[in-house]
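Results of the structural survey
In case you want the letters, here they are:
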Amino acid sequence: MLHRLVFTCNLQAPFLYFVVRCDRLRNRVRRKVFTQTTWSITQRDPATGDVVFHHGGTYTLNGSTYRETVEFANPSTASLIGQTFTYQVTIQGDTYSQLDGQWNEVWKRV
């Protein structure tokens, strides 16, 4: 599970990450939350506060291979429901990086 890889202590709260660097995002605000078995991501428009998209589901982590399946979504990303995405992940301190060639993102724990 991701929480064991991210932190050596057993924390009860979900792990919340927000993007600190992503070339694709520019001025957008995106948050990704992990629990022991689930994930969700929300992006909002910083000017209006409107939710641009929100979706999530379950994940597995085997070594550095992270696989997430979308199980719910708002209308803007509903086409993702049922899809599974695979990333190579690294974690250094409070920084989580996920790479797949298309969605290369670096997140910082808050």
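This text gives an overview of the structure that appears in the document. Source: prediction; values computed, not measured.

Within the largest apolar cluster, twelve residues are counted, these being Phe 34, Trp 39, Ile 41, Phe 53, Tyr 59, Leu 61, Tyr 66, Val 70, Tyr 87, Val 89, Tyr 96 and Trp 107. The element contributing the most residues to this core is strand β4 (residues 51-62), with three residues. Once residues within four sequence positions are removed from consideration, Tyr 66 is found in contact with Lys 32, Phe 34, Trp 39, Tyr 59, Thr 60, Leu 61, Phe 85, Thr 86, Tyr 87, Val 89 and Tyr 96.

In this section: the packing of aromatic side chains. Throughout the structure, instances matching the rule amount to six aromatic pairs. Ring pairs connect the aromatic residues Phe 34, Tyr 59, Tyr 66, Tyr 87 and Tyr 96, which therefore count as one cluster. It is Lys 32 that lies over the ring of Trp 39; its NZ or CZ is 5.2 Å from the centre.

This part takes up the pairing of β4. Pairing between strand β3 (residues 38-44) and β4: seven bridges, direction antiparallel. Among the inter-strand pairings, Ser 40 is bridged to a residue of β4, identified as Gly 56. The antiparallel pairing of β3 with β4 creates a hairpin that spans six residues between the two strands, and Gly 49 there sits at a positive phi of about 85°. In this structure, β4 lies alongside strand β5 (residues 65-73), joined through eight bridges in antiparallel fashion. Looking at the pairing, Leu 61 lines up with Tyr 66 of β5. As consecutive antiparallel partners, β4 and β5 are separated by two residues, and within that stretch Gly 63 has a phi angle of approximately 65°, a positive value.

Within the secondary structure, Gln 98 is located in strand β7 (residues 95-99). Its relative accessible area of 2% is what places Gln 98 among the buried residues. Here the side chain of Gln 98 touches Lys 32 through a polar contact of 3.1 Å, side chain to side chain. With residues up to four places along the chain from it excluded, the contact list for Gln 98 reads Lys 32, Tyr 87, Gln 88, Val 89, Trp 103, Asn 104, Glu 105 and Trp 107.

Parameters at a glance
Residues numbered from 1 in each chain as written. Predicted model: local features only at pLDDT ≥ 70, side-chain atom pairs only at ≥ 80, totals over all residues. Heavy atoms only, no water. Core = buried A, V, L, I, M, F, W, Y, C linked by side-chain atoms within 4.5 Å. Buried < 20%, exposed > 50% of the residue type's maximum accessible area, 1.4 Å probe, protein only. Helix = DSSP H or I, 4+ residues; strand = E, 2+ residues; numbered from the N terminus. Contact = heavy atoms within 4.5 Å. Phe/Tyr/Trp six-rings, centres within 6.5 Å; stacked < 30°, edge-to-face > 60°. Lys NZ or Arg CZ within 6 Å of the ring centre and 35° of its normal. Pairing = 2+ DSSP bridges. Polar contact = N/O pair within 3.5 Å; in protein donor to acceptor, adjacent residues only side chain to side chain.

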